[in-house]
Amino acid sequence: MCGIVGYVGHRTPVPILLEGLKRLEYRGYDSSGVATMNGGGDMWIHKRQGRIRNLEKDLPSELPAATMGIAHTRWATHGPPNDTNAHPHRSRDGRIAVVHNGIVENHSALRKRLTGDGIVLHSDTDTEVIPNLIAKFYDGDLEVAVKRALGLIQGTYGIVVISVDEPNRLVVARNGSPIVLGVGENEMFVASDAPALIAHTKQVVFMDDGEVAVVEPSGFRTTDLHDRPIDKAVDELDWDLQEIEKGDFEHFMLKEIHEQPRAVTRGLRGRAHLEYGDAHLGGLNLNRREFFDIRRMGLIACGTSMHAAMAASYLIEELARVPCKVDIASELRYRNPIVDAKTLYFAVSQSGETADTLAAMREVQRKGGRCLGVVNQVGSTIARESDGGMYIRSGPEIAVASTKAFTSQLLALTLFALKIGRMRDLSAAAGRELLTALHELPGQMQSFLEGADDIERIARSLIHQPYCLFLGRGPNYPAALEGALKLKEVSYIQCEGFAAAEMKHGPIALIGDGTPVVFLVPKDRLHTKTMSNMEEVKARGARVIAVANPGDTEVEELADEVIIIPRTHDLLTPFLTVLPLQLIAYHAAVLLGLDVDKPRNLAKSVTVE
Ligand code: G6P
């Protein structure tokens, strides 16, 4: 949530900072700002409400000379998005500037304390206390002042601080909000996420909570809050620039929907033992005995990742015969969860930084539980703090609405279900059957996506409807939830997903003449049951849009529209049913003229609770 970029070196910082901010705009986009400084300590700050293009548009034709700077794109937590509340925030004496991600929880008490000292703050933000505390403690050493100020702060932060008294130096600190340093040739970069750095360097250092770095053009040094030195490893990012660019696609969301066949291929590579009908997953850090001892599973996630976890829970129970519970991370973390040694947990997160998922994982670990990660972002906090896990390998996901992460997370957990299943009751033949079907998925996804021209017309039929329902059974119930989430996220059309039969217990009251109801009805063992539910809504005048397999005459006769998806293994149907739902959401948003990749009020990486 919110994006941070920092630079110190020999180049003009503003273009570097703006380019970095644009790559992070998915993290927040209600206002933005930049501060630069030259070697003489002349600081210049420029902030604007709205998108980064507003900031860029109002730049002076001649930029002040500078060799370092900090920048921020905001997702408002405290105070409305306006120029004043935008970051960087400066101390009242004008000597310190800060960009901050996270929340200062005790900001009211700190504000009072500063007011008592005669320092009146003028923004509504929690952040503004930080530069003022640093300025108050500044006595010739920025690093010392930052550490003293942080000692008073409760909450989360990723901050970059500059001072007019110490040009060519960034002081960076992290507690709960990600920060990564980029190492260049006589220049250094800082960002909240690696995509902001990739155009300049692949050499990165992921900071951990409780660390402070002093960053200068020649390099950096890291200590904890008590000045103990910390040696940090430099990692190499394995992304390409083109992976974080739109290429020929109009939007990232469409690009990422189309990347799913490739992501599934990547997710399968080296992980399938066709001969034994088994999966090979490195990095789980579980020995044979520990695998065998797993009696229950718990999946922890938010948003789309939670829907992927829910769909996976059906596969885990079916293939492994291990009870599997899915928890909304924000609920689990405050519930005093019952954690026992025989339950294996997974924190499922695309970004690996979602505050609630991370906190829930830590709570499980604190209680002695083992929590693995299912993560996309290499080097993210969940990836590093989990007790092992699987990378989903779907490549950078930029659009705020998650698409390819859903199928890739489901794939990783399916492989895990297969592995644990093969240690129990699942036969080699059943394992082979599943793996064969998994290997067919990329081709099936590709052929569906290539022939999906009709979806735009179907999306058009939904955009002026006040309400829309998504229904499915079994693993297609979470896929229906995901379809509804996608549509509401990007098109703002009110819609809900339900278990198809549950619809009778309330939502059916919403159905009238022409109410659109999207049914996920692949030819699986629940087909007949789902068809009965379809009859029930048809009898009440609904307009049924069915997602079904080829040659399903029953569906063809009853539904008003049929979207055909290829037939697959019964347990794998969500990999394919979700595709048309993602496309419906995408086209609806485009037709409504909305900003598909950056829907209102949302952010991609929710690092506040
Ligand atoms: C935000 C995003 C969603 C995402 C969710 C969980 O709400 O807008 O697209 O599914 O966070 O994110 P994670 O990175 O943990 O998967």
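Residues numbered from 1 in each chain as written. Predicted model: local features only at pLDDT ≥ 70, side-chain atom pairs only at ≥ 80, totals over all residues. Heavy atoms only, no water.

Student: Before we go on, may I ask you to explain the sheet that holds strand 15 (residues 235-236) in this structure?
Tutor: Working definition: the strands of a sheet are paired by backbone hydrogen bonds and lie parallel or antiparallel to each other. Strands sit in the order 3-2-4-1-10-9-11-15 across an open sheet of 8 strands; the sheet is antiparallel. On the outer flanks of this sheet lie strand 3 (43-49) and strand 15, each paired with one strand and no other. For strand 2 (residues 31-37) and strand 3, the ladder comprises 7 bridges, and the chain directions are antiparallel. For methionine 37, the partnering residue across the bridge sits in strand 3 and is methionine 43. (Pairing = 2+ DSSP bridges. Helix = DSSP H or I, 4+ residues; strand = E, 2+ residues; numbered from the N terminus.)

Student: Looking at this model, I keep getting lost on the nonpolar core. Mind explaining?
Tutor: Considering soluble globular proteins, one finds that nonpolar side chains tend to be buried as a cluster. Core analysis: the biggest nonpolar cluster contains 122 residues, and Met297, Phe346, Phe416, Leu438 and Leu487 have the highest contact counts within it. Listed in part, the 26 residues of the second largest apolar core include Val98, Val104, Leu150 and Tyr157. (Core = buried A, V, L, I, M, F, W, Y, C linked by side-chain atoms within 4.5 Å. Buried < 20%, exposed > 50% of the residue type's maximum accessible area, 1.4 Å probe, protein only.)

Student: Would you explain the layout of surface pockets in this entry?
Tutor: Rolling a probe over the atoms, with the probe sized like a water molecule, indicates the empty space that remains. Size it by volume and the largest pocket reaches roughly 540 Å³. Secondary-structure elements contributing two or more residues to the lining of the largest pocket are helix 9 (303-320), strand 20 (343-349), helix 11 (355-366) and helix 16 (476-491). A per-class count over the lining of the largest pocket returns 12 nonpolar, 11 polar and 5 charged. Looking at which domains feed residues into the lining of the largest pocket, each of domain 2 (247-450) and domain 3 (451-609) gives three or more. By volume, the second largest pocket amounts to about 390 Å³. Considering the residues around the second largest pocket, the lining is formed by 15 residues, among which Lys22, Glu25, Lys246, Phe252 and Lys598 are closest to the centre. (1 Å grid on protein atoms, 1.4 Å probe; cavity = no way out; pocket = protein on both sides within 12 Å on 5 of 7 lines; lining within 4 Å. Points joined across faces, edges and corners; volume = space filled by probe spheres on them. Nonpolar A, V, L, I, M, F, W, Y, C, P; charged D, E, K, R; others polar. Domains from an automatic or database assignment.)

Student: Mind showing me how you'd approach the pairing of strand 9 (residues 180-183) here?
Tutor: Looking along a regular strand, one sees the side chains alternate between the two faces of the sheet. Sheet topology places strand 9 next to strand 10 (residues 188-191); 4 bridges connect them, and they run antiparallel. Counted as the bridge partner of leucine 181 is valine 190 from strand 10. The antiparallel pairing of strand 9 with strand 10 creates a hairpin that spans 4 residues between the two strands, and asparagine 186 there sits at a positive phi of about 55 degrees. Of the strand pairs in this sheet, strand 9 and strand 11 (residues 203-206) are connected by 3 bridges, and their pairing is antiparallel. Bridged to valine 180 within strand 11 is phenylalanine 206.

Student: So what exactly am I meant to see when it comes to the packing of helix 3 (residues 107-116) against helix 4 (residues 129-137) here?
Tutor: Each pair of packed helices can be summarised by the angle the axes make with each other and by the distance between the axes. Here helix 3 crosses helix 4 at 45 degrees, and the two axes come no closer than 10 Å. When the axis of helix 3 is compared with that of helix 4, the two are oblique. Between helix 3 and helix 4 lies a crossing of left-handed hand. Of the residues in helix 4, those touching helix 3 at His107, Leu110, Arg111, Arg113 and Leu114 are Val129, Asn132, Leu133 and Lys136. Taken together, the residues of the contact of helix 3 with helix 4 sort by class into 4 nonpolar, 2 polar and 3 charged. (Axes fitted to C-alpha atoms, helices over the stretch in contact; angles between N-to-C directions. Parallel < 35°, antiparallel > 145°, perpendicular 65-115°, else oblique. Left-handed = near helix turned anticlockwise from the far one by under 90°. Contact = heavy atoms within 4.5 Å.)

Student: How should unusual backbone geometry be read in this particular structure?
Tutor: Glycine aside, a negative phi is what most residues show, and trans is what most peptide bonds show. Cis rather than trans, the peptide bond between histidine 87 and proline 88 has omega equal to 0 degrees. Among the structural elements, proline 88 can be located in the loop between strand 4 (68-74) and strand 5 (89-90). Positive phi, normally seen in glycine, also occurs at asparagine 285, with a value near 55 degrees. Here asparagine 285 lies in the loop between strand 17 (278-279) and helix 8 (288-292). Here arginine 393, not a glycine, exhibits a phi torsion of approximately 60 degrees, which is positive. In this fold, arginine 393 is placed in the loop between strand 22 (389-391) and helix 13 (404-422). Classification of arginine 393 by relative accessible area gives partly exposed; the value is 31%.

Student: Which parts of the structure should I look at to understand the environment of valine 375?
Tutor: Tracing the sequence through the fold places valine 375 in strand 21 (residues 370-375). Setting aside anything within four residues of it in sequence, one finds valine 375 in contact with Ser349, Gln350, Gly352, Ser380, Ile382, Ala383, Met390, Tyr391 and Ile392.

Student: Even after reading the chapter, I still don't get the domain arrangement of the chain, so can you show me in this structure?
Tutor: Think of interface size as the accessible area that goes away when the parts come together; that is how it is often given. Domain annotation for the chain reports domain 1 (3-244), domain 2 (247-450) and domain 3 (451-609). Each of domain 1 and domain 2 has a C-alpha centre, and the two are 34 Å apart. At the junction of the two partners, domain 1 supplies 12 residues and domain 2 supplies 14 residues. Contact with domain 2 buries area across many residues of domain 1, yet Tyr26, Trp239 and Glu243 alone supply 39% of it, more than any other trio. Here domain 1 is connected to domain 2 by 3 salt bridges. Our enumeration of links across domain 1 and domain 2 arrives at 7 residue pairs in polar contact (both at pLDDT 80 or more). When its residues are assigned to classes, the side of domain 1 that touches domain 2 shows 7 nonpolar, 1 polar and 4 charged. (Buried area = accessible area lost by both parts, 1.4 Å probe. Salt bridge = Lys/Arg side-chain N within 4 Å of Asp/Glu carboxyl O. Polar contact = N/O pair within 3.5 Å; in protein donor to acceptor, adjacent residues only side chain to side chain.)

Student: Teacher, can you tell me more about empty space enclosed by the protein here?
Tutor: This structure, assessed with the given rule, holds 5 cavities of 30 Å³ or more. Approximately 120 Å³ is the volume attributed to the largest cavity. Taken together, 16 residues line the largest cavity, and the ones lying closest to its centre are Ser192, Asp193, Phe206, Glu353 and Gln377. A domain split of the lining of the largest cavity shows at least three residues from each of domain 1 (3-244) and domain 2 (247-450). Lining the second largest cavity are Cys2, Arg74, Trp75, Thr77, His78, His87, His100, Gly102, Thr125, Asp126 and Thr127.

Student: Any chance you could explain the site of the ligand here in plain terms?
Tutor: The full set close to the ligand counts 13 residues, and Ser305, Ser349, Gln350, Ser351 and Thr354 are the nearest of them. For the ligand, an oxygen atom lies 2.5 Å from a polar atom in the side chain of serine 305. One nitrogen or oxygen atom from the side chain of threonine 354 is found 2.4 Å from an oxygen atom belonging to the ligand. With the chains in place, 90% of the 380 Å² that the ligand exposes on its own is no longer accessible. Under a 2 Å grid-point criterion requiring more than half of the atoms, the pocket assigned to the ligand is the largest pocket. No other element matches the 3 residues that helix 9 contributes to the shell around the ligand. In terms of residue class, the shell around the ligand is made up of 4 nonpolar, 8 polar and 1 charged. There are two domains that each give the shell around the ligand at least three residues, and those are domain 2 (247-450) and domain 3 (451-609). (Near = heavy atom within 4 Å. Areas by Shrake-Rupley, 256 points an atom, 1.4 Å probe, with all protein chains shown as cover. Sits in = over half its atoms within 2 Å of the grid points.)

Student: Can you help me understand the packing of helix 13 against helix 14 (residues 428-450) in this one?
Tutor: Interaxial distance between helix 13 and helix 14 falls to 10 Å at its minimum, and their mutual angle equals 165 degrees. Considering their axes alone, helix 13 and helix 14 lie roughly antiparallel with respect to each other. Here helix 13 runs over helix 14; the crossing is left-handed. Residues Thr407, Leu411, Thr414, Leu415, Leu418 and Arg422 of helix 13 form the contact with helix 14, whose own contacting residues are Ala428, Gly431, Leu434, Leu435, Leu438 and Met445. Grouping the constituent residues of the contact of helix 13 with helix 14 by class yields 8 nonpolar, 3 polar and 1 charged.

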